[in-house]
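# Survey of secondary and tertiary structure
This is what each chain is made of:
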Amino acid sequence: MKEIKKNVFYIGVQDWDRRLFDELIPLPDGTSYNSYLIIGNEKIALIDTADPSKETEFLHKLKVSGIERIDYIISNHAEQDHSGLIPKVVELYPEAKIIANKKGKEMLIDLLQIPEDKFIIINDGEKISLGGKTLEFIFAPWVHWPETMLTYLLEDKILFTCDLFGSHLATSKLFAEEDNKVYEAAKRYYAEIMMPFRANIRNHLKKIENYEIDIIAPSHGPVYNKPNFILNAYKEWISDNVKEEVILPFISMHGSTRAMVEYFIDALIKRGMIVKPFNLTKTDIGELAISLVDASTMVIASPTVLTGPHPHILSVVYLVNLLRPKLKYFSVIGSYGWGRRMFEMIKNMLTNLKVEIIEPVIIKGYPKENDFKLLDKLADEIINKNKKGG
Ligand code: FEO
């Protein structure tokens, strides 16, 4: 246990070598499941638990902590990486009551089959006293599930945010350094988990503006004892500002699309545009997600498999549509042999994005002189639209 403030302890567990979350999201830096113990004069509360894969370590930490009882288990979020060990904690401390909102209770019962009489339901803004330590519950739905909430410890000015402001970063340091490593890990986390809920997060940031916050204590990654570092980063990410950058995910099977991609990259660079290509057979999709947080433009490059895009391209287009980045412009380049439904299939998948589609360049076979001219034209159009769009 590490003391954050007097009688407020961090009892997180580092997952140094976990490399995948949700069987989808790459974790190059591992992750952590942070839990917090708050000891009041009358009551003891535990905020969130840890992933069930870390049962031994987490329960050991509780056992050696010296506490003889837990009165409240606060569940800020019902996802199992934070709630999964609640049933085990209840077994160890049978007098403990679980504090959750109504939606959280329903989800915890569905996911973990916890008996109904173990719960205390709280409302938005409600407070409970532990004796000298007061907890206020701030509802913050959709970061990234419908039941999510924050818990504010009034006397110590600590905001416990669970996934919000989190990062998949295993570290032995309790407090976040203000460096690129922490920034990138937090941005990756935002991109993969929070970006679809930008509008909700904007409202929640407004809501917490009225709170004096000394420390932000998320349930993944390091704790922020200089909260402006992460608050300012979030303000930028959720803003409507975009950077003049072209994100270019591509695949090529026999070299035709690759020839187009290489020419197009040069065409954009010559015109002063920043371009970020991602070969989807090799790329970490987290890197791609990070690049989408503030880019203005995406161009997908795909060969044609039978009549449509390469299946890996479809998977990425599906993901981009789910992530709802603030892209403004979109286009497609690629090559075909006989089937020509690639562009239509990609375009039809972009139901969540408010992008202006720029005329695609889909050519037959290997690119010829006139095809390269079309790529120059596309590059010009992207530059012009970005300049006009500010
Ligand atoms: Fe870290 Fe949504 O769980």
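The coordinates are above.
The following paragraphs examine the structure supplied in this document. Being a predicted model, the structure only gives us computed values, none of them experimental. (Residues numbered from 1 in each chain as written. Predicted model: local features only at pLDDT ≥ 70, side-chain atom pairs only at ≥ 80, totals over all residues. Heavy atoms only, no water.)

This next bit is on the sheet that holds strand 16 (residues 215-218). Spatially, the five strands line up as an open sheet ordered 12-13-14-15-16, and their pairing is mixed. Sheet topology places strand 12 (127-129) and strand 16 at the edges, where each strand pairs with a single neighbour. Each neighbouring strand pair of the sheet contributes to a mean axis angle of 20 degrees, computed without reference to strand direction. Bridge count for strand 14 (residues 149-153) against strand 15 (residues 158-162) is three bridges, and the pairing is antiparallel. Following the sheet pairing, T151 is matched in strand 15 by F160. (Pairing = 2+ DSSP bridges. Helix = DSSP H or I, 4+ residues; strand = E, 2+ residues; numbered from the N terminus. Axes fitted to C-alpha atoms, helices over the stretch in contact; angles between N-to-C directions.)

Here the focus is the packing of helix 10 (residues 311-323) against helix 11 (residues 342-349). Following both chains from N to C, one finds helix 10 and helix 11 inclined at 25 degrees, their axes separated by 9 Å at the closest point. Regarding the angle of helix 10 to helix 11, the classification is roughly parallel. Where helix 10 crosses over helix 11, the two elements pack in a sense that is right-handed. Each of I313, L314, V317, Y318 and N321 in helix 10 lies in contact with helix 11, whose residues at this interface are M345, I346 and M349. Taken together, the residues that form the contact of helix 10 with helix 11 break down as seven nonpolar, one polar and no charged. (Parallel < 35°, antiparallel > 145°, perpendicular 65-115°, else oblique. Left-handed = near helix turned anticlockwise from the far one by under 90°. Contact = heavy atoms within 4.5 Å. Nonpolar A, V, L, I, M, F, W, Y, C, P; charged D, E, K, R; others polar.)

This part is about the pairing of strand 23 (residues 361-364). What you see with strand 23 is a clean split: V361 and I363 sit on the buried side and I362 and K364 on the side with no burial. Inspection of the sheet shows strand 21 (residues 329-336) paired to strand 23 by four bridges, in the parallel sense. Opposite S335, over in strand 23, you have I363 as the bridge partner. (Buried < 20%, exposed > 50% of the residue type's maximum accessible area, 1.4 Å probe, protein only.)

Position of D71 among the secondary structure elements: in the loop between helix 1 (55-64) and strand 9 (72-74). On the basis of relative accessibility, which here comes to 11%, the residue D71 falls in the buried class. Of the polar contacts made by the side chain of D71, one reaches the side chain of R69; its length is 3.1 Å. Excluding residues within four positions of it along the chain, D71 makes contact with E42, K43, I44, E95, A96 and K97. (Polar contact = N/O pair within 3.5 Å; in protein donor to acceptor, adjacent residues only side chain to side chain.)

Turning next to the packing of helix 5 (residues 180-194) against helix 7 (residues 228-238). Two numbers describe how helix 5 lies on helix 7: the axes approach to 11 Å, and their chain directions differ by 45 degrees. In terms of orientation, helix 5 and helix 7 fall into the oblique class. As for the relative orientation of helix 5 and helix 7, their crossing is right-handed in sense. Listed contacts from helix 7 to V182, Y183, A186, K187, Y190 and M194 of helix 5 are F229, I230, A233, Y234, W237 and I238. Looking at the contact of helix 5 with helix 7, its residues break down into eleven nonpolar, no polar and one charged.

Across all of its chains, the model carries 28 salt bridges by this definition. Its salt-bridge partner being K173, residue E177 comes within 3.7 Å of it at the nearest N-O pair. A relative accessible area of 47% means that K173 is categorised as partly exposed. A cluster of three or more residues bridged by salt bridges with shared partners is formed by R188, E192, D284 and E287. (Salt bridge = Lys/Arg side-chain N within 4 Å of Asp/Glu carboxyl O.)

This part takes up unusual backbone geometry. Here the residue pair V143 and H144 is connected by a cis peptide bond, since its omega of 15 degrees sits within 30 degrees of zero. Here H144 is to be found in the loop between strand 13 (134-139) and strand 14. Non-glycine residue D22 carries a positive phi angle of around 55 degrees. Tracing the sequence through the fold places D22 in the loop between strand 4 (20-21) and strand 5 (25-26). On the basis of relative accessible area, D22 is assigned to the partly exposed category, the value being 45%.

The next thing to look at is the nonpolar core. Within the largest apolar cluster, 61 residues are counted, with the highest numbers of intra-cluster contacts made by F165, Y190, M194, I201, Y234 and M298. Those residues in contact with M194, other than ones at most four positions away along the chain, are V143, H144, D163, L164, Y189, I201 and Y234. (Core = buried A, V, L, I, M, F, W, Y, C linked by side-chain atoms within 4.5 Å.)

Structurally, T134 is set in strand 13. Assessed through its relative accessible area of 16%, T134 is described here as buried. Within the structure, the side chain of T134 is placed 2.6 Å from the side chain of E155, a separation counted as a polar contact. Other than its neighbours up to four places away in sequence, T134 contacts K127, I128, S129, Y152, L153, L154 and E155.

Moving on: the sheet that holds strand 8 (residues 44-47). An order of 1-2-7-8-9-10-11 is seen for the seven strands of this open sheet, with the pairing classed as mixed. Pairing within the sheet leaves two strands with one partner each, and these edge strands are strand 1 (2-5) and strand 11 (119-121). For this sheet, the mean inter-axis angle between neighbouring strands, taken without regard to orientation, is 25 degrees. By the bridge criterion, three bridges tie strand 2 (residues 8-10) to strand 7 (residues 36-39) in an arrangement that is antiparallel.

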